[in-house]
Structure formats: C-alpha cells, structure tokens
Amino acid sequence: MSGRSWRALFSLEWGELVTSRAFWLFLLAIGPLVGQTFLHAASLYAEASGASGGPAALAQGLSPLDGIFVPAFGAYDLAVTLLYPFVAIRLVSEEKRNGAARLLLQSPGSIAGRLAVKLGGLVLFFLLAWTAGLLALLLWAGAGGHVSAPELANLLLGHFLRYLLATAIALAAASVCEGAASAAIVTLSFTLGTWALDFLAAGRGGWLDRVAKYTPTAGLRLFEHGELRLAAAAVFLLASVGGIALAAVWLESYRPVAGRVARSAAVVVMTAAAMAAASTLRWSRDFSEDRRNSFSRADEAALRRIREPVEITVYLAPEDPRLFDLERGVLEKMRRVIPDFTVRYAARTRSGLFERGGEYGEVWYRVGSRRAMMRSTIEAVVLQNLYQLAGVAPPAREEERSYPGYPLAARLRAAPYLFFGAWPLAAGLAYLRTRGRWRKKWKSVAAQAV
Amino acid sequence: MPPGDETQQAERGALGPPEVLRASVSPGSRLLEVRGVSKRFGSLRALDKVSFGLRRGEVVGLIGPNGAGKTTLFECLAGVLPADTGDALWNGRPVAPAKRKDFLFYLPDQIAPWADQPAGRVLDLFARLFDAGPSRLARLINALGLSRFLRESVGSLSKGERKRVLLALALAAPRPILLFDEPFDGLDLRQAGEAESVLRGAAREGRTLFLSIHQLADAGRVCDRLVLLSAGRVTGEGTLDELRAKTGLADGGVEDVFLALT
C-alpha cells in the first residue's frame, strides 16, 4: 500500500471516530471528571499543607505524585475502564454492521495494517483526551506546584499502557462478537474478572497472587508508586499485542470458524507463554523523587556487592500484615538490587491464626551456607543483619539528600470554570462543528439577518 | 438532449481501463473459472458444486429465485465468506480467498458504509485507498450524477442516491472483475438507465461485470450472458439464445427461460 493509501485509510478511520457520539461523550465527560478529582486532591493537599489555619502535616509527607498527579489522572483509569471501551468497540462493530468491513476486507493492505491504523486513530484520540490532565498540570505548576518530570512521565507511561490494553481488549471483543452490545458485555466482563482476581488474590499468596500482580489495576499501581518495572510494562504490552492479534484473526472472515478458533487458541497460548516469560524480567527503575521503592544509594551499592545467592524463607501467612510490611519495605527493594535473590513463602495457612509448628513469624535469611533468623520487618534491622551474614561491610551513613516534601496551598480559582464550564462548552461546540449543524444554522441565521 | 447530458453520456463511456487489464489478456478469454463451490449453513445447503466461468469484457447476470444462494455465491467468490469446498481460478491458477481482492471487487447490497461522513469525502478517500486517480473519480461522479449530494452524509441519502454512490465506489476500485449485488435496486427508470450506461462503458473498456439482478427484464437487457441459480445449483449458463435452445423455448423471454430452469 502506498503512503497515499495509508493516509486515506487513516482519514476514513479518524472520520468514523470523530462522527461517533461515544467519542464526544467521552471527551465531554473527561474534562469535568479530571477537574473534580484534581480540585478535590488539590483541596486536600492544601489542607494538609496548613491552608485552613490548622496544623500542617510534615512537609516530607507531601508528595505531588501521591497528592495531585495520581488522583488527577486516576480519572483516566475510571474513564478508560467504563467509558472508553464503547469508543473502541464502535470502530469495529459499526463497520461490521454497516458493511464497511466487507469493503475494507477487499482493499489493499492487510488486516493487521488496518488494525494498526485504527490503533493510531485511538492513540490520537487518547492524546486529545489527555489535554484535560495536562490542563490540570499546567494549573498546578502555574500556582507554584512542584512537578517532577521523571515521576510524571512514568505515571503517564503507566496510563498509556493501561489504555493500550483496554484498546486491545475492546477491539478483540468487537472482532469476535456479532454486535456492539455483546462486545461491550465481554469487555466489561473481562474488567470485572480482573477486579475479582484482585479481590480473591488478596491475602492468598501462591500462583493466584503472582498472576494478580499483572492485572490492569495492580500494574497501574506500580507506576502510581513511581516504579517502572520492566516485567509489568512488558506484560501489559504483550497482552495488548495478543489482543490485537486476536482481533486480526477474527476479522479474517474468509477463514472458516474452526480455523479462526484454532488460530485464536494459538494466539492465546503464545501470548500467555510470552507474558509468563516477561514476568521473570528483573529490571526496574525507581522514578519516585522520594525513592520510596529503593534503599538508600549507599545501601544499594553495598547489597550489589553480595555475590553469593541470597535465599529468604518467610513463615508469614498471606493475610498477615507483617508480610505486607516486609514485602513493601524490604523484599521488593531487595529484588531490584541483589543479583541472585529468591524468596520462599513457607506458611501453610492464609491467616496464620491456626498455623502449626513453632516457626510461624520467623524469617530465615541464608547467604551461601550461612543462616540467620529474625522476626523484624524493619528495613534498618534487616539490612544490618544481612550485612553481617554476607560478610559485607555496612555502608557509612552518608548525608543523603532527604526528600524535602512540597507543601502548597494552591490558588486554583479559575480551575472550576475551565473544567466545568469551558471544557464542556468547547467539546459541545466542536461536536456541532463536525456535524456541520452549527455551520448550517449559522448560515441560515446570517441569511435571515440579511 | 441538454448539453450537460451530452457530457455525461461521453463520460459514461470513457472511464479508462484499470491498470491490471493492461496485461495481455485477449478479449473473450476466460478470466475467472469457478469450480465446485459449495457452502452449507448447518443443514441448509446454500451452494451445491457451483461452477461457471467469466470472460473478459462481458456482463454476466446471476439470476435466481429468492433464497437461491446468489448473495452467498458472491460473498464466497469475494473471499468475504469461507466456502466449504471449491476453487476460483484466475487465468487458470487457483487463488486463495484472501488473495482474490487483487483481481475482483464485490459490492454488497443494502449497505451504508461510513454513514456519518459526507459522500464526497468517502468517495475521495476510498479512491485514494485504491490509488485510483482523481480524474477517474471525477468522471464517475459526473457520469452517475452525484455532484448534487456530495456534501450530504452517506446515511442521510435516499436509497437510490446511496446506491449510485456505492456504484461509483466500486467502479473506482481498479479491479478487472466487479461483482454487483442488485446494482439497480432503488434506482428509478432514468437513474437505472444512466447506471446501465456506465456499467456498459466499463465493460467496453475490458472489465468483467457479474451482476446479481432480481428484475429479469433488467437482466435480459443489460447482460450478455446469464447464470441461473436455483436452490444453490447452477441450472443454466449461457446467452439467452443458448438458454432458449436448452429449454426448447425458441421465442421465450428471460422470464420463460427462468421459470423453465429454476
């Protein structure tokens, strides 16, 4: 296909997006949604910063990532989950319903190419929708708010990957199902399924917990905490690719259903295998400005010097809050740093209340042939003991620049007018403009005036 | 005849041959051979070993009663629907369904693609999608009288207006074989005549047209040869004279031959 053909196809797809009501409803809703979450977050942040005359929280606790960016962009997670699927589904379902799909099946280029063009249009749509979030950021920065570019970029990457996955699921559902309604039910069922998985896996441990780490909600949470984990990003991407591949298989209407089912099974198996492999990737990067996902730089340098295998056996049940503290405060940070590191979860019950044997609550650390037990989940205590066990000199406690925190009682007087007034008005006018009604009405009004 | 009509008349015949026909294929040679195409929907046998051929530059009519399998045949040939068995041979070589779009284009009936976009925009973009030249599209628009409603959305057009837009869409696709399902459906007498003239012009330039036509009078007037389909089977194929000879109806019209063979 020539460049001219690709541009024509993109224009057709973009035209379909722009003339769909779901497109405009999403754009209409996203402004006030982002505005509401942003303003609420800014108000709480201001209170915590001592705006209303009460005691201010410790400045170090006030991070714009947690206090402003995550809540503001959290509106996108909600919209992508509940509103956006209808936009993506329509792009395929309407084509099948009105006959355009049968014409396009005969056009130059491949089905994969046409899906890529649809994806391009939907990405452009998302960038357009992101202007509401960017408006919130501009208002925050304009009011003197602190913005950490790496933190923000990582958060936006997480939302983008989440969006890609939602797109892939919606396109796959629309390709497989006969109509838009069925596709919407399938897509929302998938979402509910992941929520159910999150709920079931909480406090269970084992394979269920490992799988639940990669649900859209859990995956996005990593980015919201300032961490870029290659495994999570790769799993999101591979799942998206698998969804698009599934859509391509089902759009091959010239292939018998049995053939498409067989190919779908192959796609699912290959995608699952790739995702399983990707989940073993260990590279990650802490983009949080307060380094909440990492030990101090000095500790990380010392831990990297441990060359012997480090194995930790944890006798804490999945529902035990001490396990959560240990995971969050110690084990996840160690996984990112220690070259040869494994953790074994040895508790036999879910809650630990009825655990038999006296070892419950113990955490055993083995470095090479040496072992030691401790019950503490406190980072400093664990590290000190680990250095002793590994025969590594603990690092000198240097003066590392601690996170200063960014209290701010932002003045955002214009924000409500922008998000609840100007944004819906602009979206409505743009909708009428694309429909041509505004132009016709204006012309008829002008003609009458003359 | 008003001056505008003369220009339209000239343009109907001068659409220019698609690129692919510049290959040396002699007029009258068999372009497409359909062999043993069968299709079942559950227990219903929609097509049963359908075989026939199409030659370059001819207009062939596919006629048959309701439920004969005409649309199913078109969709199987175009690769839109998978056939259970059978082949389509292009210049003597079997072609997989996914590849048939390289030499044929099928225009379904009762569709309203890109309904919310202006008809002119859809035509222009579709022609660009197929790398068809703008002059070709302009001649089609004039020949089919589409200028009046290019700004209107496809979905807001009347049935006949939309049919003419879709005819232009199909004729813009530079494919040597065109399949039209009910090309005159929704057109009044004058519009049907104009459409027929445009289709004849395309055939004179070397394109092969395969038309599924419900109105037997139209089929008899427009088509060089007929393929009669009944209950999924080909019950007759040939010119009207050949079919008369087959049925023994020396003076029979298309309706008489149709009733005898279906």
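1. Re the packing of helix H3 (residues 64-82) of chain A against helix H7 (residues 131-142) of chain A
Residues and elements named next belong to chain A.
Move 1: At a minimum axis distance of 10 Å, the contact between H3 and H7 shows a crossing angle of 160 degrees. By the angle between their axes, H3 is roughly antiparallel relative to H7. The element H3 and its partner H7 pack so that their crossing is right-handed. For the pair formed by H3 and H7, the contact residues are Ile-68, Ala-72, Phe-73 and Tyr-76 on the first element and Gly-133, Ala-136 and Trp-140 on the second.
Move 2: Its residues assigned to classes, the contact of H3 with H7 comprises six nonpolar, one polar and no charged.

2. Re the pairing of strand E5 (residues 363-367) of chain A
All names here are of chain A.
Move 1: Two strands pair when backbone bridges link them, and strand E3 (residues 310-314) and E5 are joined in this way by five bridges, in the antiparallel orientation. The partner of Ile-312 across the bridge, within E5, is Tyr-365.
Move 2: Bridge count for E5 against strand E6 (residues 370-374) is five bridges, and the pairing is antiparallel. Note on E6: the bridge partner recorded for Arg-366 is Arg-371.
Move 3: If you look at the hairpin formed by E5 and E6, you'll find two residues sitting between the two strands, and Gly-368 has a positive phi there, around 65 degrees.

3. Points about the domain arrangement of chain A
Move 1: Each assigned domain of chain A is listed here: domain 1 (3-286) and domain 2 (297-390).
Move 2: The straight-line distance from the C-alpha centre of domain 1 of chain A to that of domain 2 of chain A is 35 Å.

4. A word on the interface of chain B and chain A
Move 1: Contact residues are listed per partner, giving 24 residues for chain B and 23 residues for chain A.
Move 2: Those elements giving two or more residues to the side of chain B that touches chain A turn out to be strand E6 (104-107) and helix H3 (119-129) of chain B.
Move 3: Residue contributions to the side of chain B that touches chain A peak at four residues, all from H3 of chain B.
Move 4: Residues belonging to the side of chain B that touches chain A are distributed by class as follows: 17 nonpolar, two polar and five charged.

5. Observations regarding helix H2 (residues 70-78) of chain B
All names here are of chain B.
Move 1: Burial within H2 is extensive, with eight of its nine residues counted as buried.
Move 2: Those residues of H2 that sit buried are Lys-70, Thr-72, Leu-73, Phe-74, Glu-75, Cys-76, Leu-77 and Ala-78.
Move 3: Gly-79, located one to two residues past H2, shows a positive phi value of around 85 degrees.

6. Re the confidence of the model for chain A
Low pLDDT means the predicted atomic positions in that stretch should not be read closely.
Move 1: Across chain A, the average pLDDT comes to 90, with 94% of residues at or above 70.
Move 2: Long-range and interchain partners of residues 441-450 of chain A, a stretch whose pLDDT sits below 50, account for zero contacts in this model, where long-range means more than four residues apart.

7. Looking at the packing of H3 of chain B against helix H5 (residues 159-172) of chain B
All names here are of chain B.
Move 1: Two elements in contact, H3 and H5, have axes whose closest approach is 9 Å; the angle formed by their N-to-C orientations is 15 degrees. Considering their axes alone, H3 and H5 lie roughly parallel with respect to each other. Here the hand of the crossing between H3 and H5 comes out right-handed. Taken together, the residues of H5 that come into contact with H3 (itself represented by Ala-119, Leu-123, Phe-126 and Ala-127) are Val-165, Ala-168, Leu-169 and Ala-172.
Move 2: Partitioning the contact of H3 with H5 into residue classes produces eight nonpolar, no polar and no charged.

8. Observations regarding the sheet that holds E6 of chain A
Through backbone hydrogen bonds, the strands of a sheet pair up, either in parallel or in antiparallel fashion.
Residues and elements named next belong to chain A.
Move 1: Spatially, E4-E3-E5-E6 is the arrangement adopted by the four strands of the open sheet, whose pairing is mixed. Both outer strands of the open sheet, strand E4 (341-345) and E6, are each paired with one neighbouring strand and no more. The mean inter-strand angle of the sheet, taken between neighbouring strand axes irrespective of direction, is 15 degrees.
Move 2: Taken strand by strand, helix H16 (residues 379-390) contacts E5 and E6, and its axis lies near 160 degrees from that of E6.

9. Re the nonpolar core
Move 1: If you look at the biggest cluster of nonpolar residues, it comprises 92 residues, and the most contacted ones within it are Leu-123, Ala-168, Ala-170, Ala-172 and Leu-179 of chain B.
Move 2: Among the elements that take part in this core, H5 of chain B stands out by supplying eight residues, more than any other.
Move 3: Residues contacting Leu-123 of chain B, with those up to four places away along its chain left out, are Leu-137, Ile-141, Val-165, Ala-168 and Leu-169 of chain B.
Move 4: In this structure, Ile-68, Val-87, Trp-140 and Tyr-406 of chain A belong to the second largest nonpolar core, which totals 89 residues.

10. Things to note about the environment of Thr-37 of chain A
All names here are of chain A.
Move 1: In this structure, Thr-37 sits in helix H2 (residues 21-48).
Move 2: Between the alpha carbons of Thr-37 and Pro-71 there is a distance of 5.9 Å; along the sequence they are 34 residues apart.
Move 3: Apart from residues lying up to four places away in sequence, Thr-37 is in contact with Pro-71, Ala-72, Gly-74 and Ala-75.

11. Describing the pairing of strand E2 (residues 44-55) of chain B
Residues and elements named next belong to chain B.
Move 1: Where strand E1 (residues 30-41) lies against E2, eight bridges are found, and the strand directions are antiparallel. For Val-37, the partnering residue across the bridge sits in E2 and is Val-50.
Move 2: The hairpin formed by E1 and E2 contains two residues between the paired strands, and Gly-42 there has a positive phi angle of roughly 65 degrees.

12. Topic: unusual backbone geometry
Residues and elements named next belong to chain B.
Move 1: Here Trp-114, not a glycine, exhibits a phi torsion of approximately 50 degrees, which is positive.
Move 2: Here Trp-114 lies in the loop between E6 and H3.
Move 3: Positive phi is not limited to glycine here, since Asp-131 has a value of about 55 degrees.
Move 4: Turning to its location among the elements, Asp-131 is positioned in the loop between H3 and helix H4 (134-143).
Move 5: The exposure class of Asp-131 is partly exposed, given the 15 C-beta atoms found within 10 Å.

13. Observations concerning the sheet that holds strand E5 (residues 93-94) of chain B
All names here are of chain B.
Move 1: Taking strand neighbours across the sheet as the criterion, the four strands line up as E2-E1-E4-E5 in an open arrangement whose pairing is antiparallel. Edge strands, defined here as strands with exactly one partner in the open sheet, are E2 and E5.
Move 2: In this structure, E1 lies alongside strand E4 (residues 85-90), joined through five bridges in antiparallel fashion. Residue pairing across strands places Arg-35 opposite Asp-87, the latter belonging to E4.

Criteria and cut-off values
Within every chain, residues take consecutive numbers counted from 1 along the sequence as written. For this description, chains carry letters from A and ligands carry numbers from 1, given in the order in which they are written. Residues qualify for local features only when their pLDDT is at least 70, as the model is predicted, and side-chain atom pairs are given and counted only at 80 or more; totals for whole chains, interfaces and linings, by contrast, use all residues. Angles run from 0 to 180 degrees between N-to-C directions of axes, and those axes are lines fitted to C-alpha atoms, restricted for helices to the stretch in contact. Per the convention used, a helix needs a DSSP run of H or I reaching at least four residues, while a strand needs a run of E reaching at least two, with both numbered from the N terminus. Oblique is the label for any angle not covered by the other classes, which are roughly parallel (under 35 degrees), roughly antiparallel (over 145) and roughly perpendicular (65 to 115). Left-handed describes a crossing whose near helix is turned anticlockwise from the far helix through less than a right angle; right-handed describes the clockwise counterpart. Residue pairs qualify as contacts under a 7 Å threshold applied to their C-beta atoms, which are placed from the backbone. All amino acids are sorted into three groups, where Ala, Val, Leu, Ile, Met, Phe, Trp, Tyr, Cys and Pro are nonpolar, Asp, Glu, Lys and Arg are charged, and the leftover types, Gly among them, are polar. At least two bridges found by DSSP between two strands are what make those strands a pair. Bear in mind that the domain bounds are from an automatic or database domain assignment. Buried residues are those with 20 or more other C-beta atoms within 10 Å of their own C-beta, exposed residues have 12 or fewer, and partly exposed residues lie in between; C-beta atoms are placed from the backbone. The pLDDT value tells you how sure the predictor is about a given residue, anywhere from 0 up to 100. By convention in this section, buried Ala, Val, Leu, Ile, Met, Phe, Trp, Tyr and Cys residues joined through C-beta atoms within 7 Å make up a nonpolar core.

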